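These are the residues of each chain, in order.
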Amino acid sequence: MKLRHVIESQQFTVPALMELFNLADGMERIVARGGTGDYSNRIMALLFYEHSTRTRFSFESAMSRLGGKVITTENAIQFSSVMHGETLEDTVRVVANYSDVIVLRHNEIGGAARAAAVSSVPIINAGDGKGGQHPTQALLDLYTIHREIKTIDGVRIAMVGNLADGRTVRSLAYLLGKFERVKIFFVAPKTLQMKQDIVDYLQHHNVWFTEEEDLRKIIDEVDVVYMTRLGPLEREKTDPTRFYIDESLMKFLPKKSIVMHPLPRANEISPEVDSDPRAAYFRQTRNGILVRMALLASVLDV
Amino acid sequence: MKLRHVIESQQFTVPALMELFNLADGMERIVARGGTGDYSNRIMALLFYEHSTRTRFSFESAMSRLGGKVITTENAIQFSSVMHGETLEDTVRVVANYSDVIVLRHNEIGGAARAAAVSSVPIINAGDGKGGQHPTQALLDLYTIHREIKTIDGVRIAMVGNLADGRTVRSLAYLLGKFERVKIFFVAPKTLQMKQDIVDYLQHHNVWFTEEEDLRKIIDEVDVVYMTRLGPLEREKTDPTRFYIDESLMKFLPKKSIVMHPLPRANEISPEVDSDPRAAYFRQTRNGILVRMALLASVLDV
Amino acid sequence: MKLRHVIESQQFTVPALMELFNLADGMERIVARGGTGDYSNRIMALLFYEHSTRTRFSFESAMSRLGGKVITTENAIQFSSVMHGETLEDTVRVVANYSDVIVLRHNEIGGAARAAAVSSVPIINAGDGKGGQHPTQALLDLYTIHREIKTIDGVRIAMVGNLADGRTVRSLAYLLGKFERVKIFFVAPKTLQMKQDIVDYLQHHNVWFTEEEDLRKIIDEVDVVYMTRLGPLEREKTDPTRFYIDESLMKFLPKKSIVMHPLPRANEISPEVDSDPRAAYFRQTRNGILVRMALLASVLDV
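Criteria and thresholds
- Residues numbered from 1 in each chain as written.
- Chains lettered and ligands numbered in written order.
- Predicted model: local features only at pLDDT ≥ 70, side-chain atom pairs only at ≥ 80, totals over all residues.
- Heavy atoms only, no water.
- Helix = DSSP H or I, 4+ residues; strand = E, 2+ residues; numbered from the N terminus.
- Rg over C-alpha atoms; globule rule 2.2 N^0.38 Å.
- Buried < 20%, exposed > 50% of the residue type's maximum accessible area, 1.4 Å probe, protein only.
- Contact = heavy atoms within 4.5 Å.
- Polar contact = N/O pair within 3.5 Å; in protein donor to acceptor, adjacent residues only side chain to side chain.
- Domains from an automatic or database assignment.
- Buried area = accessible area lost by both parts, 1.4 Å probe.
- Salt bridge = Lys/Arg side-chain N within 4 Å of Asp/Glu carboxyl O.
- Least-squares fit on C-alpha atoms with pLDDT ≥ 70 in both.
- Pairing = 2+ DSSP bridges.
- 1 Å grid on protein atoms, 1.4 Å probe; cavity = no way out; pocket = protein on both sides within 12 Å on 5 of 7 lines; lining within 4 Å.
- Points joined across faces, edges and corners; volume = space filled by probe spheres on them.
- Nonpolar A, V, L, I, M, F, W, Y, C, P; charged D, E, K, R; others polar.

### Structural notes on the overall build of chain A
- Within chain A, the secondary structure is distributed over 12 helices and nine strands.
- Against the 2.2 N^0.38 benchmark of 19 Å for 302 residues, chain A shows a C-alpha radius of gyration of 20 Å, consistent with a compact globule.
- Buried positions account for 64% of the 302 residues belonging to chain A.
- Contacts in chain A between residues at least 24 apart in sequence constitute 71% of all its contacts with a sequence separation of at least 6.

### A closer look at the side chain of B:Ser119
Residues and elements named next belong to chain B.
- Tracing the sequence through the fold places Ser119 in the loop between helix H5 (111-118) and strand E4 (123-128).
- Its relative accessible area of 8% is what places Ser119 among the buried residues.
- Among the polar contacts listed, one links the side chain of Ser119 to the backbone oxygen of Val121, at a separation of 2.6 Å.

### Quick look at the domain arrangement of chain A
Residue and element names in this part refer to chain A.
- Parsing chain A into structural domains produces domain 1 (9-133 + 285-300) and domain 2 (135-284).
- Each of domain 1 and domain 2 has a C-alpha centre, and the two are 26 Å apart.
- If you look at the interface, domain 1 gives 31 residues, while domain 2 gives 23 residues.
- Taking both partners together, domain 1 and domain 2 bury about 2300 Å²; carbon and sulfur atoms supply 59% of that area.
- When residues of domain 1 are sorted by the area they lose upon contact with domain 2, Phe21, Thr285 and Asn287 head the list and together hold 25% of the total.
- There are two salt bridges connecting domain 1 and domain 2.
- Residue Arg147 pairs with Glu28 through a salt bridge whose shortest N-O separation is 2.4 Å.
- Where domain 1 meets domain 2, there are 15 residue pairs in polar contact (both at pLDDT 80 or more).
- Put simply, the parts of the chain that give the side of domain 1 that touches domain 2 at least two residues each are helix H1 (14-32), helix H2 (53-65), strand E4 (123-128) and helix H12 (281-299).

### Considerations on the relation of the copies chain A and chain B
- Superposing chain A onto chain B takes a rotation of 120° combined with a translation of 0.0 Å along the rotation axis, leaving an RMSD of 0.0 Å. The superposition of one copy onto the other is thereby described by a three-fold rotation axis. For chain A, the smallest separation between a C-alpha atom and the rotation axis is recorded for A:Lys69, amounting to 5.0 Å.

### What to know about the pairing of strand E7 (residues 208-212) of chain A
- The pairing of strand E6 (residues 183-187) of chain A with E7(A) spans five bridges and is parallel. Note on E7(A): the bridge partner recorded for A:Lys183 is A:Trp208.

### Re empty space enclosed by the protein
Residues and elements named next belong to chain C.
- Summed over all chains, the structure comprises one cavity of 30 Å³ or more.
- In this structure, the largest cavity spans a volume of roughly 30 Å³.
- Around the largest cavity, the lining residues are Leu230, Arg235, Pro240, Phe243, Tyr244 and Glu268.
- When the residues that make up the lining of the largest cavity are grouped by side-chain class, the tally is four nonpolar, no polar and two charged.

### Regarding the pattern of salt bridges
- Within the structure shown, the criterion is met by 70 salt bridges over all chains.
- For B:Asp214, the salt bridge identified is with B:Arg216, shortest N-O distance 3.1 Å.
- Classification of B:Arg216 as partly exposed rests on a relative accessible area of 41%.
- Through salt bridges with shared partners, a single ionic network connects A:Asp25, A:Glu28, A:Arg147 and A:Arg286.

Structure representation (structure tokens):
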């Protein structure tokens, strides 16, 4: 698998996704047997225009597991514009001379595509703008379903919480639209339901979905419960127990189903759930390393 | 030597300390012959909830000397709680999926123990809370005495400066209580003398100690002068020359004795002392690398 | 080539410069064939008392290309003086125990020389003070001329923009004074012309130079156009088109000439120039890696 840039999750066809996931599976074996020296001469530059310590850590860990080197700025604003307002394009051209791959977190939608247009090295989009893409998160979510449930075709998933503003659930819904016989339950207060653009997209692709207002009503029908934060305001306005999971509710979740969460969580999952083998949210962060290793390996020339 | 976590200096028995110090001696030979590749696949995550650039630098250097990789956040607050207030426990569980050992600096007493309770990888405590533990500093101080004086049993040490608030002298006094025939001179203004808990501990362990108010009175009787800062306020209130060392006072220090300091120093050691071979405070920072290398090697599985 | 410290560009004789540039040429071959493991046990400490993300990134990339390790503080103020005001000398002595070379960015003129006086490892000056030295930038500029024009003797160069405050043009003029038959055109508004100290130096070394107020008048006579920023205030007061280059002006620049810029640029070079093969400013940043690799290799003992 040879990728040039990783800009948006839409760029991946289903066969490309499966190839990526196979590569991620292989990465686990590499980690287990103590890593590889194949990438020891490669440099990953992290160019972050806004803080995202979690995403940065995950990419740094992934590149380190590949044996490669990392140079980081979590404050690319300082790199670019202190006093002089250098353009993103100029900054990328310079940093491309310092590295073999640039992981870019930009504050504007379309930043990653602009960077890719001028860069002499691969660009990986680590999030661009509030409403923009964060493809590596979407890919690690999908990989977790693939890995835990063994199939994505036919999967039944409840997405719970603030769906209107949740970048992860929006991206995941989009990616699921590429698969067969998927069933999606959008579980949210009416005011925070999934927005029309995704609804239209799913209808256009004949994906079955329904809107719910209480997780308890449908938890026994799903393979995946994808929890997200509700936000403190919403918790006051609605009944938070309808978008909440604890040990007593876990009794209704089928035996081979899983609970996911993009983390950090607030109060939507009781800590008593953590020891349940169906709690997949910490394994999900580990899968993020494997998927990012696979993406880095796919764009790096070794 | 196989350690699981490094949480507090009390966890080390005298034989365990000696084994650690032997390992540290061996680390010097590894550094001298150009390092080792044995840890090249290991990742150390630094998770710092408060700034401590010095401690961070020392751990990064130690891990680099072992050939390993480092991922750092000096701003773990940003990792955990920006907007959402993730618990320490959740953060540690995530970071444990990114690394092979976590070096934790936490802002609350007991933070390291809480982290160890949930972590799937070893935790090394790099300081937790103002009155809490900082075991690696205490161990490097003890190692410096062991290395320079050749014995800890029977050592005579003057601890000088603000002893009431000094974390390093408190921890060192505690560790010395495990050894035989130690004599401690606490040299401080009355208001800044060693606190009752340590005094009680030493009495309980039959350690000889005395309180003094002038270093000049006892400098010819000690093997180690452990200087610390007095604080600007105290310097005004007392006669700072009583807690100060310069070339003229060094004439009274025995030939094989040493001067230590946890650094940074303020004005308590005259720069003219630096060229005296008995000035051990810069060697002390070097010993910190060796002890931290030994600790990392003891917790890492290779 | 064995260097002890890199403190100022004046320390290099012409033969030493040529040896350094040969070494830099060789570094390109090392990068191309995938790096070297020779420096994998060496640690570079970056000790920056003021932010300079660009310089930091460039040094980190250079050390990584050599296979070495990097420990960084971009906030050395925090290392040294939080609460206690440690001297630069003490900080350097400590950091020298953590590393094999220190790259120092200090906020006072002469900081690098002070550090070198006490350090047990080599010091590389990455800029000291506003009016101080930044020798690695000056060396990479000269190397770019050497590499692109094939000769420095006899080179004709226009320096354009704010020459009074421009550290890079001042240093470059100084270094060019060591070569034969150089011709320099200082192109600046009268109030921002090259200062008397450099003028005196060039006269003393019999270097041909002249002052101009419009790049358009002399662009067809030069091998190198070295552009710098004018500053927003000056752009208002003068006619900025006289210190500006675009596609239409490029027609008058000789075929084998080049355009340089220390970057970041503001508006003094039109983006349409970027695709012209004579636009050397992004290659210049790449040359910075090679020169810094050569300097690191010259000071490091392997």
